[in-house]
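Each chain is listed here by its residues.
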Amino acid sequence: MPADRFVGVCASFEDQKLWRAATFAAQASGQAIEAYGPVADEQTMRLLRPHSTQNPVRLWTLLGGIFGGTIAFCMTIWMSRNWPLVVGGKPIVSWPPFICICFEMTVLYASFACMGSFLAYARLPHLTLPAAYRPEFAVDHFGLFVACAPIEAEHWQRQLIEQGAQWVWLIENQPRGRLALPTF
Amino acid sequence: MDETLAQLRATATPHARALLWVLLTIGVVTAAVLSLTDHARLWYDYLANFLFFTGLAQNGIVWSAVTRGCNARWARPLQRIAESLAGALPLSVLLFIPLMLARRTIWTWWSAPPQRKLPWLSHGFLLGRDFAIFAGLAALSVYYLRVSVVGDERAQRKLARLWVVVVFAYCYLWTIIGLDLNVALYPGWYDYIYGWYFFIVHWYGGLALVSILAILWRRRLALAHVITDDILHDNGELTFAFGIFWAYLFWAQFMVLWYANRQDDITILIRLSQQHPWVTLSWITLALGFFLPFGFGLSRVWKRRPATLAYIASLALTGLWISENLMVDVSLWHRPSFPPLITSALIGCGFCGAYGLCYLWVLRRVTVFPMRDPVMLEALVWHPARH
Amino acid sequence: MPLRSEIEPARFTLREVSDEILRPVEAPPSMRFLLGLAFSLLCVAIGVAAWGRQLYIGMGVSGLAWPVMWAMYITCFVFWIGIAHSGTLISAILYLFRAKFRPSFSRASEAMTIFAIATAGLFPILHLGRAWRFYWVFPYPNERRIWVNFRSPLVLDIFAISTYLTVSLIFWYLGMVPDFAELRDRALGWRRTLYGVLSLGWVGSLRQKAPFLKLYILLAGLATPLVLSVHTMVSWDFALSLLPGWHEEIFPPYFVAGAIFSGLAMVLTLVIPLRHYFHFENHITMDHLEALAKLIILTSSIVAYSYASEYFTAWYSGDTYERTAYFLRAFGHYWKPFWIMSVCNVLVPLLFFFRRVRRSLVGLLVVSILVNIGMFLERLVIIVTTLAYSFDPGSWGLWHLTWVEVGIVIGSFGWFMTLFLLFVQFAPSLPIAEVKRDVLEARDMVETLTAANLLPGETVHAG
């Protein structure tokens, strides 16, 4: 594999605990890593990324909700005053029903903001799959990609096998724009 | 560790016991003074505090029943701490008797009951039924506590059926109490949802109280490894959720009454929302019972820290206590001045002291953790993944 | 001792889970599926024909006539919105409660929610004489220079239901993205492209999973109050009026509980055949079905409590109109649907107090169908009896069912079933990632409890 296209090594683990231990060890050594798996492992994530990108999703959701609630009140009050129809003897600007609409739009815009921020932080949609990704990572194996220089590849291969990996691949950069899985 | 926990008994500090005796004394003295100076005020405050504290005590058992029925493994370490509140219920039966004697003060229509509501509000049926409800619930709760304390396999099988009986009995019978001791105070008033609202108020208060008791005993007995932050968080979340539900039930009533604006059922709402001093008390109740607990309870961190969780739970309990007073006074207090909540607080001290002493008496005689319950043992070793 | 359903997943491999759940999606449609689809499309055709007749001739061909201007169509609207609620309860509320039996039903019930809302949304349009003007309910600038009446509960409904549909769609779709990724990896040809697009490029990396988990719990938290608010606003269509039998403070939580009740019954009605035909017995166990049955008892009890509260308070009020309305509900012209409703909603679910019934597939299916019948009739009884017997006896009048209404109701069920059948054929009916997480957690649990001597080898028992 050409050295200028080499990006790192990827290991496949069958056992989740071994994978977790290897992931922590790789992170502790200061390498850039990416971990794959078929389940959302909250424990791993919480320990790996204590101040991770997950927090801004909450903030954006809150901001979206505040925005939705605000425009709901603005919309209902302005439209009611613009067409001041007296119905059932209720005031033109009746806050009880307007609160209900405000609630619904708060939830709606909070959901939009939540979804939007998730897609942004997860960098989705993504047209290509990462070179390190393997289909078995969606089924029953756990993957660990460690970015390293070509001269470190052998060291990481040996280390990951010792830590319980079943397979280790050398990963090269993939041309952009292809949706197919990498072949090697 | 299992052996230590199996033998552990909960004893309060001498200061705590002394404090409860002081509170009881304050309550008794206040009652004596009021009985000589303002008879009506005494019974309004007595009724409000009786309902509030008895509701909290009852919900100790209901909390245990509900968490058992839901197979909530996380709740087992708190089970005995909550259940022991049932120790106050036999006393509540006795404390209902003075209310029966003060019937003419509480039910101002006593000498001329509304004809359309007979026989439900007939004298004997009303008093007999309410006394029977308090006595029946107390007996059922004490029985549940006894079976739980026995805790062997046979007891576990009994509890698997008993929890259903407790929950059903609480919901239906506490509905009747709410109708008789809140709605019936004002003879022209009826409300389709008040029973539901009433038992949810006390369930919400019970959840908040269990959080506070868990925090206090965790500190007193150094049990942070058993009553973990996760457990506090879980109960805190339940409290948060039912705070929202309580506010929802209030809103459900408000919208229907506001829209229809019918003479028959708008009177209480107009008093509460537009007339002084009720509107002020209403806003205080909503702020303490819902807005502040909701705002603070949104934070995951705050629900996990004992001090902040206790603060949130205390706000909720204070709001619910004021709402209890509000629902009694709005029907009965017809003087132009602000109803003196200070006397109610002093009477409340008496109830708090009396019920607290009963609670401690029971808790001293049982083990803190139901170690014969296999789910308790699982809860000590197995901690599932959390969101 | 943990429930068998908590530890039994420990014996599966992750690959087995994928293979079992994806087998129905990857296999070509069976003859049974095609026959079912054909039947549901036939029902849709009947509905379209009936609606066509109504559009052509006018609303008079439906049974609607003064004073009963709301009858079958609004009943169906409330019924289908109610069905939708249990999907959100299961997917959102049970997620927050960390209920172990949730993954067995969450995907199918979320799909049920979407399709039920899509079905319910047809009825306000069907109900209009000039259905092509349905968009007037939305507040948009128009040449008539008027706005909608925000004080009307019907407009509150529009906002509530469109929010509910949108949030449920987002929750359902994004929850399926990891599963679409697995399908993408296994598929060939046009399916690979389709699932590749639907999966958005998901690879299950930590960079993606971290915000995903936060998104999921936030959406669950946002969807939870919608369970209360949406059917509350639907109930306000009735409760914010002045009519005896409708003007009741208890309507909001009563309707919500009834909605969840009927929705849970519909989940059982759908999931039991799904489990049988797709051989999901390993992942939808009797323990899981029993848990649903217990939830049905709970919601049935709340509905029974609401009935008792309604009747008692109507009597207690002393109001002539309230008392008469309830008397006629039980003994007036519509006494048959009333008593069927009472038996199906209050008495029939009591059978679930017997363990044998809770753990019998036939028992579960029969009770669930009867509950759905009962809840459908409940909405009909509430709506029609109040309108038929309002304040002044001089204005009393009856409603009678017509073939057009029957055809449209059949069409709505056909529409729902068509969507659901297409869903089970093209998308995984169980959340693969969550089932796998349960497998791994079950293994951890077995290991931990065995080490603590709390799990003797062969003493697993059912719930």
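Rules of the game
Residue positions are counted from 1 within each chain, in the order its sequence is given. Here every chain gets a letter starting at A, and every ligand a number starting at 1, in the order they are written. Selection of residues for local features in this predicted model requires a pLDDT of at least 70, selection of side-chain atom pairs for listing and counting requires 80 or more, and totals for whole chains, interfaces and linings are taken over all residues. Every helix listed is a DSSP run of H or I at least four residues long, and every strand listed is a run of E at least two residues long, numbered separately from the N terminus. Three exposure classes are used. Buried residues have 20 or more other C-beta atoms within 10 Å of their own C-beta, exposed residues have 12 or fewer, and partly exposed residues fall in between, all C-beta atoms being placed from the backbone. Contact between two residues is assigned whenever their backbone-derived C-beta positions fall within 7 Å. Just to be clear, the radius of gyration here is over C-alpha atoms, and the globule rule we use is 2.2 Å times residues to the power 0.38. For this classification, Asp, Glu, Lys and Arg are treated as charged, while Ala, Val, Leu, Ile, Met, Phe, Trp, Tyr, Cys and Pro are nonpolar and the rest, including Gly, are polar. One less than the residue count of a helix, multiplied by 1.5 Å, gives the span that helix is expected to have. Note that bend, as reported per residue, equals the angle between axes fitted to the 7 residues terminating at that residue and the 7 residues originating from it. Think of it this way: DSSP has to see at least two bridges between two strands before they count as a pair. To get an axis, a line is fitted to the C-alpha atoms, and for a helix only the part in contact is used. The angle between two axes follows their N-to-C directions and goes from 0 to 180 degrees. Per-residue confidence from the predictor is given as pLDDT, running between 0 and 100. Reported domain spans reflect what an automatic or database domain assignment gives. Connectivity within a nonpolar core runs through C-beta atoms within 7 Å, and the core itself is a set of buried Ala, Val, Leu, Ile, Met, Phe, Trp, Tyr and Cys residues. In this scheme, roughly parallel covers angles under 35 degrees and roughly antiparallel covers those over 145, while 65 to 115 is roughly perpendicular and the rest are oblique. Helix crossings fall into two classes, left-handed where the near helix is turned counterclockwise from the far one by less than a right angle and right-handed where it is turned clockwise. Taken from the helix axis, the directions to the C-beta atoms give the arc we talk about.

A. Quick peek at the overall build of chain A. Helices and strands together make up the secondary structure of chain A, namely five helices and four strands. Starting at the N terminus and ending at the C terminus, chain A contains elements arranged as β-α-β-α-α-α-β-α-β. A buried classification covers 40% of the 184 residues belonging to chain A. Look at the contacts in chain A between residues 6 or more apart in sequence, and 84% of them connect residues 24 or more apart.

B. A look at the overall build of chain C. Summing up its helical and strand segments, chain C has 17 helices and zero strands in all. By the compact-globule yardstick of 23 Å for 463 residues, chain C fits well, its C-alpha radius of gyration being 24 Å. When the 463 residues of chain C are sorted by exposure, 55% land in the buried category. Relative to all contacts within chain C whose residues are 6 or more apart in sequence, the contacts with residues 24 or more apart total 83%.

C. View of the interface of chain C and chain A. The partner chain A presents 57 residues to the 49 residues of chain C that form the contact. Breaking the side of chain C that touches chain A down by element, the ones donating at least two residues are helix H2 (14-26), helix H7 (153-186), helix H9 (206-239) and helix H17 (432-451) of chain C. Looking at the side of chain C that touches chain A, the element that brings in the most residues is H9(C), giving 17 residues. When the residues that make up the side of chain C that touches chain A are grouped by side-chain class, the tally is 29 nonpolar, 11 polar and nine charged.

D. Examining H7(C) more closely. All names here are of chain C. Over its 34 residues, H7 extends 48 Å from the first C-alpha to the last, a length consistent with the 50 Å expected when each residue adds 1.5 Å. A bend of about 40° at Val177 is the largest found in H7, and the proline Pro178 appears one to four places after it. Burial analysis of H7 places 26 of its 34 residues in the buried class, which makes it a mostly covered element.

E. Region of the structure containing the sheet that holds strand S1 (residues 6-13) of chain A. All names here are of chain A. Taken in spatial order, the four strands make up an open sheet running S2-S3-S1-S4, and their pairing is antiparallel. Each of the sheet's edge strands pairs with one partner strand only, and the pair in question is strand S2 (33-36) and strand S4 (167-172). Between one strand axis and the next, the sheet turns by 20° as a mean value, whatever way the strands run. Helix H1 (residues 16-28) rests against S1, S2 and strand S3 (142-147) of the sheet, and its axis sits at about 15° to S3. The sheet strands contacting helix H5 (residues 153-162) are S1, S3 and S4, and the helix crosses S1 at an angle near 10°.

F. Highlighting the confidence of the model for chain C. All names here are of chain C. Taken residue by residue, chain C gives an average pLDDT of 92. The fraction at 70 or more is 98%. The weakest mean pLDDT in chain C belongs to helix H1 (residues 4-7) at 80; the strongest belongs to helix H13 (residues 335-347) at 97. Ignoring residues within four places in sequence, the model shows residues 458-463, a span with pLDDT below 50, making 13 contacts including any to other chains. Model confidence for the complex is summarised by a pTM of 0.93, with the ipTM given as 0.94.

G. Local environment of the domain arrangement of chain A. In terms of domains, chain A is made up of domain 1 (3-51 + 126-172) and domain 2 (54-121). Look at where the C-alpha atoms of domain 1 of chain A and domain 2 of chain A centre, and you get two points 44 Å apart.

H. Fine view of the environment of A:Trp156. Residues and elements named next belong to chain A. Note that Trp156 resides in helix H5. A C-alpha to C-alpha distance of 23 Å links Trp156 and Pro38, two positions 118 residues apart in sequence. If sequence neighbours within four positions are ignored, Trp156 has contacts with Val9, Val146 and Cys148.

I. Spotlight on the nonpolar core. Core analysis: the biggest nonpolar cluster contains 317 residues, and A:Leu144, B:Leu47 and C:Ile81 have the highest contact counts within it. If you tally residues by element for this core, the top one is H9(C), at 18 residues. Residues within four places of A:Leu144 in sequence aside, it is in contact with A:Cys10, A:Ala11, A:Phe13, A:Trp19, A:Ala22, A:Thr23, A:Ala26, A:Ile33 and A:Ala35.

J. Molecular detail of the packing of helix H9 (residues 194-220) of chain B against helix H10 (residues 229-260) of chain B. All names here are of chain B. At their nearest, the axes of H9 and H10 sit 9 Å apart, and the two run at 155° to each other. Our classification of the angle between H9 and H10 gives roughly antiparallel. Judged by the twist between their axes, the crossing of H9 over H10 is left-handed. Residues Trp196, Tyr197, Ile200, Val201, Trp203, Tyr204, Leu207, Ala208, Val210, Ser211, Ala214 and Ile215 of H9 lie in contact with H10, whose contacting residues are Leu232, Asn235, Gly236, Leu238, Thr239, Phe242, Gly243, Phe245, Trp246 and Leu249.

K. Examining the environment of C:Gln208 more closely. For C:Gln208, the position within the fold is in helix H9. Using a count of 25 C-beta atoms within 10 Å as the deciding quantity, one classes C:Gln208 as buried. Separated by 37 residues in sequence, C:Gln208 and C:Gly245 have C-alpha atoms that sit 52 Å apart. C:Gln208 has contacts with A:Ala122, A:Leu124, C:Trp202 and C:Val203, leaving out every residue within four places of it along the chain.

L. Molecular detail of helix H12 (residues 320-331) of chain C. Residues and elements named next belong to chain C. Taking 1.5 Å of rise per residue, the 12 residues of H12 would be expected to cover 16 Å, and the 16 Å separating its terminal C-alpha atoms lies within 8% of that figure. Considered for burial, the residues of H12 that qualify are Glu322, Ala325, Tyr326, Leu328 and Arg329. For H12, the angular spread of the buried residues around the axis is 165°, confining them to a single face. Exposed and facing more than 90 degrees away from the buried side of H12 are Thr320 and Phe331. The inward-facing, buried residues of H12 contact helix H11 (286-317), H13 and helix H15 (361-388).

M. Examining unusual backbone geometry more closely. B:Pro277 follows B:His276 through a cis peptide bond whose omega is 0°. Note that B:Pro277 resides in the loop between helix H11 (263-274) and helix H12 (278-297). With omega at 0°, the peptide bond leading from C:Trp66 into C:Pro67 counts as cis. Within the element layout of this structure, C:Pro67 appears in the loop between helix H3 (31-57) and helix H4 (72-96). In this structure, B:Asn71 is a non-glycine residue whose phi angle is positive, near 55°. Along the chain, B:Asn71 turns up in the loop between helix H3 (39-69) and helix H4 (79-83). Since 16 C-beta atoms lie within 10 Å of it, B:Asn71 is described here as partly exposed. Although it is not a glycine, C:His279 adopts a positive phi angle of roughly 55°. For C:His279, a count of 11 C-beta atoms within 10 Å translates into the label exposed.

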